[in-house]
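Chain by chain, the residues run as shown.
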Amino acid sequence: MLRLTTLGALDLRDRLGHPIREVLAQPKRLALLAYLALEGRKGPVSRDRLLAMFWPESDDAKARNTLSQALHHLRQALGPELLESQGANAIMVHGDALWCDATVFLDALGRGEVELALDLYRGEFCPTLFVSEAPEAEEWLGARRRELRRQALGAARAMAEQMAAASDAAGAARAARRALAMQPDDEGDVRAMLALLDRLGDAAGALSAYQEFTRRMAAELEL
């Protein structure tokens, strides 16, 4: 099975564990694969949607030809069984041919397997990926980064509070630190985790996390 890593790092490996450099070196094709993997979890993705996302400035005929070429190159690099056309107007990824950490993360959260989901969330979604001349694709990447981080942060915070309620101080502190390591921007999230660490007796950890938050706010937002 092919492996697409998107959380905290970008990587694509073949069935033997070798990096597939011809796709990794092409940001738009890599973003197209990530989009199909994530947005196609519940069904095929329309070609028109892909055209609007990745080739908004091209005329229809040119954009369709470019999309066909991109899909052809992906099939050549990754195998013909990965991508399947659904009629003339849609594309789908065979889930049993591609493992993607972001989709497994979402599925794990959906099943309530919070610890597995948090183990998979190792950082921002597609952190180094930039798609030139495709503003809607860039907006999608930004929105997905925020949404996946929000879900991971919420899961870590809920786990910390549940463990604290069950008198598992060590586990609660680990979960709280994990939440803070995701660099939440919402002051309410930060305040809740700092208060929890203090309540658990880790005042030094709470102070250190507070100082990191204020440093980041000063550097990033000039606050």
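Here, residues in each chain are numbered from 1, in the same order as that chain's written sequence. It should be noted that, the model being predicted, local features are given only for residues of pLDDT at least 70 and side-chain atom pairs only at 80 or more, the latter also being counted only at that level, while totals for whole chains, interfaces and linings use all residues. Only heavy atoms go into the side-chain values, all of them from the structure, while hydrogens and water stay out.

Chemist: Run through the overall build of the protein chain, naming residues and quoting values.
Modeler: Scanning the protein chain from N- to C-terminus turns up ten helices and six strands. Across its three principal axes, the protein chain shows a C-alpha extent of roughly 60 × 40 × 30 Å. In the protein chain, buried positions account for 41% of the 223 residues. Only heavy atoms matter for contacts: two residues are in contact if any of them lie within 4.5 Å across the pair. Restricting to contacts in the protein chain with at least 6 residues of sequence separation, those with at least 24 account for 59%. Split by element, the accessible area of the protein chain, about 11,700 Å² in all, is 49% carbon and sulfur. We count a stretch as a helix when DSSP gives it H or I for four or more residues in a row; a strand needs E for two or more, and each element gets its number in order from the N terminus. The buried label applies to any residue whose accessible area, calculated with a 1.4 Å probe on protein chains only, is under 20% of its type's maximum; exposed applies above 50%, and partly exposed to all values in between. For the accessible areas, the method is Shrake-Rupley and the probe is 1.4 Å, while residue cover comes only from the protein chains on display.

Chemist: Account for the pattern of salt bridges, naming residues and giving values.
Modeler: Should a side-chain nitrogen of Lys or Arg be within 4 Å of a carboxyl oxygen of Asp or Glu, the pair is scored as a salt bridge. On inspection of all chains with the given rule, the structure shows 18 salt bridges. Notably, a salt bridge pairs Arg149 with Asp185, separated by 3.2 Å at the nearest N-O pair. Taken as a pair, Arg149 in helix α7 (residues 135-165) and Asp185 in the loop between α8 (169-181) and α9 (187-199) lie far apart in primary sequence, 36 residues in all. Since its relative accessible area comes to 42%, Asp185 is described here as partly exposed. The partner of Arg157 in a salt bridge is Asp189, and the shortest N-O contact between them spans 2.6 Å. Separated by 32 residues along the polypeptide, Arg157 in helix α7 and Asp189 in helix α9 bring together distant segments of the chain.

Chemist: I'd love a proper account of the confidence of the model for the protein chain, names of residues and values included.
Modeler: Low-confidence regions, as indicated by low pLDDT, have predicted coordinates that should not be scrutinised in detail. Every residue gets a pLDDT, meaning the predictor's confidence in that residue, from 0 to 100. Scored by pLDDT, the protein chain comes out at a mean of 91, with 100% of its residues at no less than 70. Averaged over each element, pLDDT in the protein chain is lowest for strand β4 (residues 83-86) (85) and highest for strand β2 (residues 11-13) (97).

Chemist: Can you lay out the sheet that holds strand β1 (residues 2-5) for me, pointing to particular residues and giving the numbers?
Modeler: Two modes of strand pairing occur in sheets, parallel and antiparallel, and in both the strands are linked by backbone hydrogen bonds. The strand order across the open sheet built from three strands is β2-β1-β6, with neighbouring strands paired in mixed fashion. What marks the edges here is a single partner per strand, and that holds for β2 and β6 (98-100). On average, each strand axis in the sheet is tilted by 15 degrees relative to the strand beside it, whichever way the strands run. Two strands pair if DSSP finds at least two bridges between them. Examined bridge by bridge, β1 and β2 share three bridges and lie antiparallel to one another. Bridge assignment links Arg3 to a residue of β2, and that residue is Arg13. On top of the sheet, helix α2 (residues 27-39) reaches β1, β2 and β6; it is set at about 100 degrees to β1, its chief contact. The axes used here are C-alpha line fits, helices contributing only the stretch in contact, and every angle between their N-to-C directions lies in the interval 0 to 180 degrees.

Chemist: An account of the packing of aromatic side chains is needed here, citing residue identities and associated values.
Modeler: Each pair of aromatic rings taken from Phe, Tyr and Trp, with Trp reduced to its six-membered ring, is defined by centres within 6.5 Å and is described as stacked if the planes are under 30 degrees apart, edge-to-face if over 60, and tilted in the remaining cases. Using the criterion set out here, one finds five aromatic pairs in the structure. With centroids separated by 5.9 Å and ring planes inclined at 55 degrees, the aromatic side chains of Phe54 and Trp55 adopt a geometry described as tilted. According to the relative accessible area criterion, Phe54 is buried, its value standing at 1%. Given a relative accessible area of 10%, Trp55 falls into the buried group. Among the aromatic residues, those joined into a ring-pair cluster are Tyr35, Phe54, Trp55, Phe125 and Trp140.

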